[in-house]
Amino acid sequence: MKVTDKQTLTAQVVIVGGGIIGTATARELSRYNVDVLLLEAEAEVGWGTTKANSGIVHGGFHEEPGTLKAKYCFPGNQMYPQLCEELDVCFKQNGILMVGRTPEEMETVQEYYKRGTERGVKLQLLSKEELLEQEPNLDPELAGALYAPEGGSVMPFELAAALMENAVQNGVRYEVNAKVIGAWAEGGKKYLETAEKVIEADYVINAAGLFSDDLARMFGDDYFSIRPRKGEEYIFDLSVKDMVKSTIFPVPGKISKGILVIPTAAGNLMMGPTGDNVDEKEDLGTSQDGFNRVFDGAKSLVPGLDPRKIIAQFAGVRAASDRGDFIVELSPNVPGLVHLAGIESPGLTAAPAIAADVPRLLREAGLELEEKEDFNPRRSGVIRFHTLSREEQDKLVQEDPSFGRIICRCESITEGEIVDAIHRGARTLDGIKFRVRAGAGRCQGGFCQPFITQILSRELGIPVTQVTKAGPGSEQVKYEAKELSEQEVL
Amino acid sequence: MKQVHVDVAVIGGGPAGLAASLAARKEGAERVLIIERNTELGGILQQCIHHGFGLHRFKEELTGPEYAQRFIDFIKETDIEVMLETMVLEVTPERKIYAVNSESGMLEIHAKSIVLAMGCRERTRGALRIPGGRPAGVYSAGTAQRYVNIDGYVPGKKAVILGSGDIGLIMARRFTLEGAKVEAVVEVLPYAAGLTRNVVQCLEDYDIPLYLQSTVIEIHGNKRIEAVTIAQVDEKWNPIPGTERKIECDTLLLSVGLVPENELSSQAGVAIDPITNGPLVDDAMMTNLPGIFACGNVLHVHDLVDNVSKESERAGMYAGRYALGKSSEKARRIKVQAGENIRYVVPHEVSSEEPVEFFMRVQRPQDDVALDVGGLRRIRKTSVRPSEMLDVKITPEQLQSLEGDTLVIQIVEQ
């Protein structure tokens, strides 16, 4: 081993990356008697591509036969109801519609119907009349649709956080702010170096998303590359949430599934994403041009969309690979190294199925896995005050008065929920926003951010000037009053 | 669930709620309750520590907290009930209010009349869709004001301010006084959006440049904001290529408008004016829902708190009267219409039985004009500005002389 004065940790299996793939794998491996450590580069898990995912649990009819996408997508979809039930996270099974406009498009819709039903996907073809009866706000010029009732929506960040929590309940360790800066194999072991530590592992699972090719290269695997592809999304105010029931897809283009209108699990309507190849893996900017394309696309499906009702926008970068398909395999060069890479759409849907396949790969690589007797698949979800009845709310406040203090007025989020989020691992304003939606509403944190900053400072025992939006470098308020205007002169 | 019965419930303890509750009590309503979500009364005034409040009302130049305190002191002399740290979750058309606080839990409040006085919120970056990254360091001006004036923190030391609304202008001066540098105030309009006195006292006095017909077209930075690109805009507010300029900064403040907070109102079924984003009201400040009144910034955004107090006293008085069962059906309904160069007028409908004070804003600046109120009154104005609200009083006698059932308020050439 290289000489270093860094602290050394050991683990049988190290998962690099705490996105949806890494956290789902961590939870899967926590079923077995194996010592697992997950490393996340950012301040919280689910912070990279996962955070910006559209949240769609796809039907499983899109994927081309013979691909790994096809292999994992539909089985993943079928795992979602139980997974979300066990983890107590929201799964809104509101169905998916692929709508056609022209006779040619309706032919394509027919082809997808055939492709899906052969795979076992429950599908239904809708006539124009049936479509408009089901979704009266769609463009009346549409000709018909394919309906997949088992498609749905989740909150991707909530799911990743819940998977991590449940994995930790079952013995998995994890570290945040732990970006891997060096990696090598030596004497049957693999080593991962972060700014502060060196980790010795028997097996390494590369779930590093956008950076999975960089990690592979550190180990000498240079046979695949990540081609970052950006997607911009635009979120509407809750007041227009009922415009569509199901997620609306157009007939897909060559590269992407097109611009969608998505009723998210959180309740807001969302439109997007674009699909633009970018040079920078961390290029998260939105653009006027992106907006124009998204809005034109969305408006052609739902003409009544009002851009003045948009409350937020964001972009995410997909970790697409140069193979055009998922990479789920053992490294041909480094024994004990598993690549879970190139997980672009439908990666979120496929994640549980990919994770469930990891034990097979590890066994192939020589790891003995034995199921634990005491694995607990259940995690108790967060309390969502605004979803309770008035009587339940009253009872909750009587038991714990902190639920009687509303901090985020737009979404009715209480101090109790925010403190709970911090106890579950939230360390940043964005972490709280993504877990409990405080600051995600129409004022975008204008009113509640100073209060949440104070609560984070109090609960974490750090000065307010160290509270961040999304990890080190994103401090929210930088100076104490008078720090800039007054100086000691004597 | 705790049951509470009151005559008048006032939602919001800011300047509007304070004035309305006092007027309702004065009118004779016995149980008047203010429901306030913050830890103290006064609303946004408590963070407005600059002076300039109360010139009309008290003929004095007070700070925001001083102005609020005058009303809070009046309240203390009465038996008006105040619930602090209490959040209203729902209002029903039958005038039932669900509110929660940590002491009592859920409260079911039955009111004979309700005054909506929830104020407004700031427009956000999301609503403007400013392109670029989403780093820390981008705040609405009021949020930054709270950080500085209440919590005691300065967000950064090199700021750009988008929008020349009053809060943005005030914060330009506040940042400067705190030792931060304000690199630019950027305004999309050809004139400042805030009050002239604020442009002079907050920008010109501190040599802070104001760039008109310009906007921020990109936010740079991943973790913390590092710079913005600004550009000049054409008449349609589209950026003019070739005019882009990058300004380094660690803070971007947005002062780009206020939006009345009518989520509770809309949920209850209150009809909203798409121009003001506030309820449609009659000359009693009553909404389309009988017994539910509205005033202050929840009704339309004001620039002077003095006007808020005045308007809210009317709402409170009529809410008190309604609770006492003293209000009567109006015989005549006159629709108020915004005419030439008038963006909106409040109230939206009047009778001819009550004296009425109209509040309105113009669409664009004009000089040497007159304000014409349905031919009943014509008032000469040396200048009119969208940032400066106009008000005019009309007597029942004047209204009775009106022919037809529409009153057009307009700006006419002299």
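Values in this document were obtained by computation on a predicted structure and should not be read as measured data. (Residues numbered from 1 in each chain as written. Chains lettered and ligands numbered in written order. Predicted model: local features only at pLDDT ≥ 70, side-chain atom pairs only at ≥ 80, totals over all residues. Heavy atoms only, no water.)

1. Points about the packing of aromatic side chains
All names here are of chain B. Considering all chains together, one arrives at 15 aromatic pairs over all chains under this definition. Considering the side-chain rings of Phe58 and Phe71, the 6.1 Å spacing of their centres and the 65° angle between planes classify their relative orientation as edge-to-face. A residue pair is termed long-range when its members are at least 10 positions apart, and Phe58 in the loop between strand E3 (51-53) and strand E4 (62-63) and Phe71 in helix H2 (residues 64-76) qualify at 13 residues. Judged by relative accessible area, Phe71 falls into the buried class, the value being 2%. When the centroid spacing of 5.4 Å and the interplanar angle of 35° are considered together, the rings of Tyr67 and Phe71 count as tilted. With a gap of four residues between them, Tyr67 and Phe71 both fall in helix H2, about one helical turn apart. (Phe/Tyr/Trp six-rings, centres within 6.5 Å; stacked < 30°, edge-to-face > 60°. Helix = DSSP H or I, 4+ residues; strand = E, 2+ residues; numbered from the N terminus. Buried < 20%, exposed > 50% of the residue type's maximum accessible area, 1.4 Å probe, protein only.)

2. Digging into the environment of Tyr67 of chain B
Residue and element names in this part refer to chain B. Judged by its relative accessible area of 1%, Tyr67 is buried. Sequence separation between Tyr67 and Asp306 is 239 residues, and the spatial gap between their C-alpha atoms is 9.3 Å. Contacts of Tyr67, omitting those with residues within four sequence positions, involve Leu45, Phe53, Gly54, Arg57, Phe58, Leu62, Val305, Asp306 and Ser309. (Contact = heavy atoms within 4.5 Å.)

3. Focus on the sheet that holds strand E14 (residues 210-211) of chain B
Residues and elements named next belong to chain B. Taken in spatial order, the five strands line up as E10-E18-E12-E13-E14 in an open sheet, and their pairing is parallel. Two strands in the sheet have a free side with no partner beyond their single neighbour: strand E10 (138-140) and E14. Here four bridges tie strand E12 (residues 158-162) to strand E18 (residues 251-254), and the two strands are oriented parallel to one another. Each bridged residue has a counterpart across the sheet, and for Ile161 the counterpart in E18 is Leu253. Across the sheet, helix H4 (residues 141-151) lies against E10 and E18, angled at about 95° from E10, the strand it touches most. (Pairing = 2+ DSSP bridges. Axes fitted to C-alpha atoms, helices over the stretch in contact; angles between N-to-C directions.)

4. Quick notes on helix H3 (residues 103-119) of chain A
Residues and elements named next belong to chain A. Taking 1.5 Å of rise per residue, 17 residues should cover 24 Å, and H3 covers 25 Å from first to last C-alpha, within 8% of that figure. Of the residues making up H3, those classed as buried are Met106, Val109, Tyr112 and Gly116. Seen along its axis, H3 keeps its buried residues to an arc of 110°; they face one direction. In H3, the exposed positions that point more than 90 degrees away from the buried face belong to Pro103, Glu104, Glu107, Glu111, Lys114 and Glu118. In this structure, the buried residues of H3 make contact with strand E5 (96-100), strand E6 (124-127) and strand E7 (144-148). Once H3 ends, the next one or two residues include Gly120, with phi positive near 100°. (Expected span 1.5 Å × (residues − 1). Arc of directions from axis to C-beta.)

5. Remarks on the packing of helix H1 (residues 20-29) of chain A against helix H5 (residues 156-169) of chain A
Residues and elements named next belong to chain A. Contact geometry for H1 and H5: axes closest at 8 Å, N-to-C directions at 30°. By the criterion of interaxial angle, the relationship of H1 to H5 is roughly parallel. Considering how the two elements wind past one another, H1 and H5 form a crossing that is left-handed. Across from Ile20, Thr23, Ala24, Ala26 and Arg27 in H1, the residues of H5 making contact are Pro156, Leu159, Ala160, Leu163, Met164, Asn166 and Ala167. Grouping the constituent residues of the contact of H1 with H5 by class yields nine nonpolar, two polar and one charged. (Parallel < 35°, antiparallel > 145°, perpendicular 65-115°, else oblique. Left-handed = near helix turned anticlockwise from the far one by under 90°. Nonpolar A, V, L, I, M, F, W, Y, C, P; charged D, E, K, R; others polar.)

6. Some thoughts on the pattern of salt bridges
Residues and elements named next belong to chain A. Applying the stated criterion to the full structure yields 63 salt bridges over all chains. The shortest N-O distance in the salt bridge between Glu85 and Arg378 comes to 3.1 Å. Residue Glu85 is located in helix H2 (residues 68-87), and its partner Arg378 is located in the loop between helix H8 (347-364) and helix H9 (390-399); the two are separated by 293 residues in the primary sequence. For Arg378, a relative accessible area of 42% puts it in the partly exposed group. When the shortest N-O distance is used, the salt bridge between Glu329 and Arg323 registers 3.0 Å. (Salt bridge = Lys/Arg side-chain N within 4 Å of Asp/Glu carboxyl O.)

7. Observations regarding the interface of chain B and chain A
The interface of chain B with chain A comprises 49 residues on the first partner and 56 residues on the second. For the chain B and chain A pair, buried surface summed over both sides reaches about 4,400 Å², with 54% attributable to carbon and sulfur atoms. In terms of surface lost to chain A, no three residues of chain B exceed Arg129, Arg134 and Tyr153 of chain B, which account for 17% of the buried area on that side. Across the chain B-chain A interface, the total number found is six salt bridges. (Buried area = accessible area lost by both parts, 1.4 Å probe.)

8. Concerning the sheet that holds strand E22 (residues 342-346) of chain B
Residue and element names in this part refer to chain B. Strand order in the open sheet formed by three strands is E22-E24-E27, and the pairing between neighbours is antiparallel. For this open sheet the edge positions go to E22 and strand E27 (390-394), each flanked by a neighbour on one side alone. Strand-to-strand twist across the sheet, computed as the mean angle between neighbouring axes with direction ignored, equals 25°. Alignment of E22 against strand E24 (residues 356-362), held across four bridges, turns out to be antiparallel. Residue Tyr344 lies in a different strand from E24, and its bridge partner there is Arg361. Most of the contacts of helix H8 (residues 305-323) go to E24, to which it runs at about 140°, and overall it touches E24 and E27.

9. Side note on the domain arrangement of chain B
All names here are of chain B. Domain assignment breaks chain B into domain 1 (1-122 + 258-327), domain 2 (124-256) and domain 3 (330-414). Taking only C-alpha atoms, the centre of domain 1 and the centre of domain 2 are 31 Å apart. Listed per partner, the contact involves 11 residues of domain 1 and 17 residues of domain 2. A combined buried area of about 1,200 Å² lies between domain 1 and domain 2, and 49% of that area is made up of carbon and sulfur atoms. Across the contact surface, domain 1 and domain 2 share zero salt bridges. (Domains from an automatic or database assignment.)

10. Side note on the nonpolar core
Core analysis: the biggest nonpolar cluster contains 66 residues, and Val8, Ile11, Val91, Ile97, Ile109, Ile114 and Leu116 of chain B have the highest contact counts within it. Counting contributing residues, this core receives three or more from each of domain 1 (1-122 + 258-327) and domain 3 (330-414) of chain B. Apart from the residues lying within four places of it in its own chain, the contact partners of Val8 of chain B are Ala24, Ala29, Arg31, Val32, Leu33, Ser113, Val115, Ala319, Gly320 and Ala323 of chain B. Grouped together as the second largest cluster of nonpolar side chains are 47 residues, Tyr32, Ala167, Ile354 and Leu369 of chain A included. (Core = buried A, V, L, I, M, F, W, Y, C linked by side-chain atoms within 4.5 Å.)

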